[in-house]
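# Coordinate analysis (summary)
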Amino acid sequence: MKKACVIGWPVSHSRSPLIHNYWLRLYGIAGEYVRVPVETAGLERFIAELAASEYLGCNVTIPHKERAFQLVTPADDMTKRLGVVNTIYRSDGRLLGTSTDGEGFIANLTSAGDLKLKDRKAVILGAGGAAMAIVGALVDQGMGEIAVANRTLERSGQLREKFGSAIKPVPWQNRNEALSECAVLVNATSLGMKGQPPLDIDLSRLPAAAVVTDIVYSPLRTALLSDAARRGHPTVNGLGMLLHQAVRGFELWFGKRPEVTPALYDLIARDIDADHTP
Ligand code: NAP
């Protein structure tokens, strides 16, 4: 029986087991994916024992992504630059760690059809952990300008130091003005998520063809996406990113590259909707 898990504190909210166990059943693989609550004080020990444990590897969620990076070997250059891991696996007796949020974001963004990113302008709202992975992935795609509007401007500046001069830090109060000539608008803040304050943004300067995506997926249709759709923009919700970021971990642990299918999407969408049913 092949086993993998997700570690975090808390970890009970994680939908990763639903995703990976769906694929295990779909592909007829004898395996199991479980949640393992690991407190900060127990992280080092968990990782030290992982290579000899029953688990082939794990996903890492809040609050352990940065500390876990320091406890494993980064698998690739992008992970080294990001300084965080969300996926750990064994290879030749070593524990390797990688970050799959960036590829999940790009796979989701481009899943709806042809979208040219090279030399174009993106506006990212937020400069936290998820925004960092997204900015790195968009730099890799050759975007010409990536304006990063964040409440704490200093964090946008840190992204420029990490990823270079294509990153333009924008004060949070100037986010509406930054939307002119934008081809892709991304909400990578937690604003608009269930239990969080709403995202306040005026889309009137956004070019008509710009794609709007929200990485918040609870609710699935955020106020930003509704507003953008009303104005005729193509929209992409955040659930696809969650599903696509899981692909590489599954392949690394279980040896099969899984597909993100409409049936999987519906399964997780129903679970998210259940959270919003009074
Ligand atoms: P994080 O590191 O805590 O970053 C939070 C971001 O939101 C920061 O930029 C923060 O600004 C901003 N923010 C929070 N409250 C704000 C407010 N009142 N006004 C303005 N800005 C505010 O979190 P994260 O890990 O990047 O996650 C961000 C969101 O993305 C969460 O909702 C998470 O669930 C979602 N997410 C989705 C996926 C997916 O697969 N779809 C993956 C990862 C994350 P400051 O820097 O000023 O604090």
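Per chain, residues are indexed from 1 in the order of the written sequence. Local features in a predicted model are, by the rule used here, given only for residues with pLDDT of at least 70; side-chain atom pairs are given and counted only at 80 or more, and totals for whole chains, interfaces and linings are based on all residues. Excluded from the side-chain calculations are hydrogens and water; all other atoms, namely the structure's heavy atoms, are used.

## With respect to the overall build of the protein
Heads up, the condition is: For the purposes of this entry, the term helix denotes a DSSP run of H or I that reaches at least four residues, the term strand denotes a run of E that reaches at least two, and both are numbered from the N terminus. Each radius of gyration is computed over the set of C-alpha atoms, and the globule rule expresses the reference value as 2.2 Å times the number of residues to the power 0.38. For the exposure calls, accessible area comes from a 1.4 Å probe over protein chains only, and a residue counts as buried if that area is under 20% of its type's maximum, exposed if over 50%, partly exposed in between. Contacts: residue pairs with any heavy atoms within 4.5 Å of one another. To measure how exposed things are, a 1.4 Å probe is used in the Shrake-Rupley method; for residues, cover is taken only from the protein chains shown.
What the protein contains, in helices and strands, is 11 helices and 12 strands. Its C-alpha atoms give the protein a radius of gyration of 19 Å, within 12% of the compact-globule value 19 Å for 278 residues. For the protein, the C-alpha atoms occupy an extent of roughly 55 × 40 × 35 Å along the three principal directions. Out of the 278 residues belonging to the protein, those deemed buried represent 51%. A sequence separation of at least 24 residues applies to 65% of the contacts in the protein between residues at least 6 apart. With an accessible surface of roughly 13000 Å², the protein has 49% of that area assigned to carbon and sulfur atoms.

## Quick notes on the site of the ligand
What counts, and what does not: Nearness of a residue to a molecule or strand requires only that one of the residue's heavy atoms be within 4 Å of it. Polar contact is the term for a pair of N or O atoms within 3.5 Å; when the atoms are in protein, one must be able to donate a hydrogen and the other to accept it, and sequence-neighboring residues count only if both atoms are side-chain atoms.
The environment of the ligand is made up of 21 residues, and the closest members are Ala130, Asn150, Arg151, Thr152 and Arg155. In the model, an oxygen atom of the ligand is placed 3.0 Å from a nitrogen or oxygen of the alanine 127 main chain. The contact in question runs from an oxygen atom of the ligand to an N or O atom on the side chain of asparagine 150, over 2.7 Å. Within the complex, 77% of the 920 Å² of free accessible area of the ligand lies under protein.

## Re the state of the cysteines
Should the sulfur atoms of two cysteines be covalently bonded, the bond is a disulfide. Heads up, the condition is: When the sulfur atoms of two cysteines come within 2.5 Å, that pair is taken as a disulfide.
This model, assessed by the stated rule, comprises 0 disulfides. Sulfur of cysteine 58: no disulfide; nearest cysteine sulfur belongs to cysteine 5 and is 5.0 Å away. Note on cysteine 58: relative accessible area 0%, which makes it buried.

## Here we look at the pattern of salt bridges
Here is the rule we go by: Think of a salt bridge as a Lys or Arg side-chain nitrogen and an Asp or Glu carboxyl oxygen that are within 4 Å of each other.
One pass over the full model with this rule turns up 14 salt bridges. We note a salt bridge from arginine 15 to aspartate 271, for which the minimum N-O separation is 2.7 Å. Here the residue arginine 15 occupies a position in the loop between strand 1 (2–8) and helix 1 (16–26), and aspartate 271 occupies one in helix 11 (residues 262–275), the gap between them amounting to 256 residues. Among the ionic pairs, arginine 230 bridges to aspartate 227, the shortest N-O distance being 3.6 Å. With a gap of 3 residues between them, arginine 230 and aspartate 227 both fall in helix 8 (residues 223–230), about one helical turn apart. One continuous salt-bridge network, built from bridges that share partners, spans Lys3, Glu32 and Glu54.

## Remarks on the domain arrangement of the protein
How we decide: Domains are outlined according to an automatic or database domain assignment. Here the quantity called buried area is the accessible surface, traced with a 1.4 Å probe, that two parts lose on coming together, added over both. Ten residue types, Ala, Val, Leu, Ile, Met, Phe, Trp, Tyr, Cys and Pro, are classed as nonpolar, four, Asp, Glu, Lys and Arg, as charged, and the remainder, Gly among them, as polar.
Taken as a whole, the protein is organised into domain 1 (2–99) and domain 2 (102–240). Just the C-alpha atoms count here: the centres of domain 1 and domain 2 sit 27 Å apart. In this assembly, domain 1 packs against domain 2 so that about 620 Å² is buried in total across both faces, 55% of it on carbon and sulfur atoms. Counting the surface domain 1 buries against domain 2, the share from its top three residues, Met78, Arg81 and Leu82, is 72%. Summed over the shared surface of domain 1 and domain 2, the number is 0 salt bridges. Here domain 1 and domain 2 share 1 residue pair in polar contact (both at pLDDT 80 or more) between them. The class makeup of the residues in the side of domain 1 that touches domain 2 is 3 nonpolar, 1 polar and 2 charged.

## Let's talk about the packing of aromatic side chains
Rules: Classification of ring pairs rests on two measures: the distance between centres of Phe, Tyr or Trp rings, Trp counted by its six-membered ring, which must be within 6.5 Å, and the angle between planes, read as stacked under 30 degrees, edge-to-face over 60 and tilted in between. Both a distance and an angle decide whether a charge sits over a ring: NZ of Lys or CZ of Arg must be within 6 Å of the ring centre and within 35 degrees of the ring normal.
Scanning the model with the defined rule gives 6 aromatic pairs in all. Consider the rings of tyrosine 27 and phenylalanine 250, whose centres lie 6.4 Å apart with planes at 50°: the pair is tilted. Linking tyrosine 27 in the loop between helix 1 and strand 2 (31–37) with phenylalanine 250 in helix 10 (residues 247–254), this pair joins segments that are 223 residues apart in sequence. We classify tyrosine 27 as partly exposed; its relative accessible area is 25%. Relative accessible area serves as the criterion here: at 0%, phenylalanine 250 is assigned to the buried category. Aromatic side chains tryptophan 253 and phenylalanine 254 sit 6.2 Å apart centroid to centroid with 80° between the ring planes, which places their arrangement in the edge-to-face category. In this pair, the class of tryptophan 253 matches that of phenylalanine 254, namely buried. Aromatic rings pair up to connect Trp23, Tyr27, Tyr33, Phe250, Trp253 and Phe254 into one cluster. Sitting over the face of the ring of tryptophan 172, arginine 175 holds its NZ or CZ atom 4.3 Å from the ring centroid.

## Notes on the layout of surface pockets
Once rolled over the atoms, a probe with the size of a water molecule shows which space is left empty. Quick note on the threshold: Put plainly, a pocket is an open set of points on a 1 Å grid over the protein atoms alone with protein on both sides within 12 Å along at least five of seven lines, a cavity is a set where a 1.4 Å probe fits but cannot get out, and a lining residue has an atom within 4 Å of a point. Grid points are joined across faces, edges and corners, and a volume is the space filled by probe spheres set on the points.
As a volume, the largest pocket reaches approximately 1500 Å³. Around the largest pocket, the lining comprises 44 residues; the ones closest to its centre are Thr61, Ile62, Lys65, Asp101 and Ala130. Secondary structure elements with two or more residues in the lining of the largest pocket: strand 3 (55–60), helix 3 (65–71), helix 6 (129–140), helix 7 (153–163) and helix 9 (239–245). Tallied by class, residues from the lining of the largest pocket come to 18 nonpolar, 18 polar and 8 charged. Per-domain counts for the lining of the largest pocket show at least three residues from each of domain 1 (2–99) and domain 2 (102–240).

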